Amino acid sequence: MIGFLGTGRMGLPMCANLVRAGHHVVAHDRRPELETEVLAIGAGWATTASEAAAAAEVLITMLPGPHEVVEAMTGPGGALRALPAGATWIDMTSNSSASAEPIRLLAVARGVDVLEAPVGGGVPAAEAGSLKLFVGGDAEVLERHRPLLEVLGDPHRIIHVGGPGAGYTTKLLVNLLWFGQAVATAEALLLGRRAGIDLGVLRTALADSAAAGDFIRRDLDALLAGDYMRSFGLDRCYEELANVSAQAHSYGLPFELSDLVGRIYGRALTRYGPVDGELLAVAFLEDEAGIELR
């Protein structure tokens, strides 16, 4: 049996894919109103995290962030105390290694194997079972659970990046660079617009240059149409940037440019609040400049 904690925008279609693949899934979310949707996809419903974990061979957590993982695993009614020895906990949350490590150690002490497999890709990839997985943990545990993970992710994009913590860190670095590209691209476009360059012409020039990357080639058109990608919370973006900066500073690394990206996202969060929009930092820059990138 698979226990599944977190049946939101990403978790519910992932849960559905597991059910379609023939797995018996019992899911829980702290929002009881999601029970109807969970039952509709053929999964069972647990009223607490511990109930979902009690008979699980594998427990998957797909939660909004580090605080929710701590609460779900070790809070009142938490899953960890109920998870049987010999089970495996797979955390697919965009978590931080600093937050997850104490829980991992508690799990290992209970005889529970642990993998981290934070995901890349949005809701369409979750629905299609084509997510990219950044896996940290023991390679043998990964191979044992690879068939299960291949239900959720593209088999060619399940990457073992190292031991405990490596998966979380890799996912944070991917997001850091993506957020940084968004900010840098927006600043370049604002300058180009102010200098009188047509944005369509500038986009074409950038896409066929040394400056081109996936953000410019794949995501910029949506931004130029006014899409701030409202599939992920601005507060979560800021939290991830804060977590990766904290990790860098704990190592004594220079991190000034990345810290600045985090501050821009923080100022956007102050202005707009914890609303959905991965690219609302760009909207903040547009507001500051008095220019819309359209």
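Data block above holds the structure.
Since the model is a prediction, treat every value here as computed from it, not as a measurement.

What counts, and at which threshold
- Residues numbered from 1 in each chain as written.
- Predicted model: local features only at pLDDT ≥ 70, side-chain atom pairs only at ≥ 80, totals over all residues.
- Heavy atoms only, no water.
- Helix = DSSP H or I, 4+ residues; strand = E, 2+ residues; numbered from the N terminus.
- Pairing = 2+ DSSP bridges.
- Right-handed = clockwise from strand over helix to strand, strands pointing away.
- Core = buried A, V, L, I, M, F, W, Y, C linked by side-chain atoms within 4.5 Å.
- Buried < 20%, exposed > 50% of the residue type's maximum accessible area, 1.4 Å probe, protein only.
- Contact = heavy atoms within 4.5 Å.
- Salt bridge = Lys/Arg side-chain N within 4 Å of Asp/Glu carboxyl O.

> Break down the environment of Phe-232 for me, with residues and values.
Mapped onto the elements, Phe-232 comes out in the loop between helix H10 (214–224) and helix H11 (234–250). Remark: the alpha-carbon pair of Phe-232 and Glu-278, spanning 46 residues in sequence, is separated by 5.7 Å.

> Please set out the pairing of strand E9 (residues 153–162) residue by residue, giving values where relevant.
With five bridges joining them, strand E8 (residues 131–137) and E9 adopt parallel strand pairing. Across the sheet, Val-135 pairs through a bridge with His-160, a residue of E9. In this region the chain leaves E8, passes through helix H7 (residues 139–152) and returns to the parallel neighbour E9; the handedness of that crossover is right-handed.

> Residue-level account of the nonpolar core, with values.
One finds Leu-189, Tyr-265, Leu-279 and Leu-293 to be the most contacted residues of the largest nonpolar core, which totals 39 residues. Elements with a contribution of two residues or more to this core: helix H8 (166–194), helix H9 (199–207), H10, H11, helix H12 (256–272) and helix H13 (280–289). The element that contributes the greatest number of residues to this core is H8, accounting for nine residues. Apart from residues lying up to four places away in sequence, Tyr-265 is in contact with Phe-179, Val-183, Leu-234, Cys-237, Tyr-238, Leu-241, Glu-278, Leu-279 and Ala-281. If you look at the next biggest cluster of nonpolar residues, it comprises 32 residues, including Ala-43, Ala-125, Ala-126 and Leu-133.

> Residue-level account of the pattern of salt bridges, with values.
Evaluated as defined, the whole model comprises 16 salt bridges. Of the charged contacts, one joins Glu-68 and Arg-236 as a salt bridge, the two residues approaching to 2.4 Å between their closest N and O atoms. Of this pair, Glu-68 sits in helix H4 (residues 66–74) while Arg-236 sits in helix H11; the two residues are 168 residues apart in sequence, bridging distant segments of the chain. In this structure, the salt-bridge partner of Glu-140 is Arg-144, at a minimum N-O distance of 3.2 Å. Within this pair, Glu-140 and its partner Arg-144 are both found in helix H7, separated by four residues, close to a single helical turn. A single network of salt bridges, built from pairs that share partners, joins Arg-30, Glu-68, Arg-236 and Glu-239.

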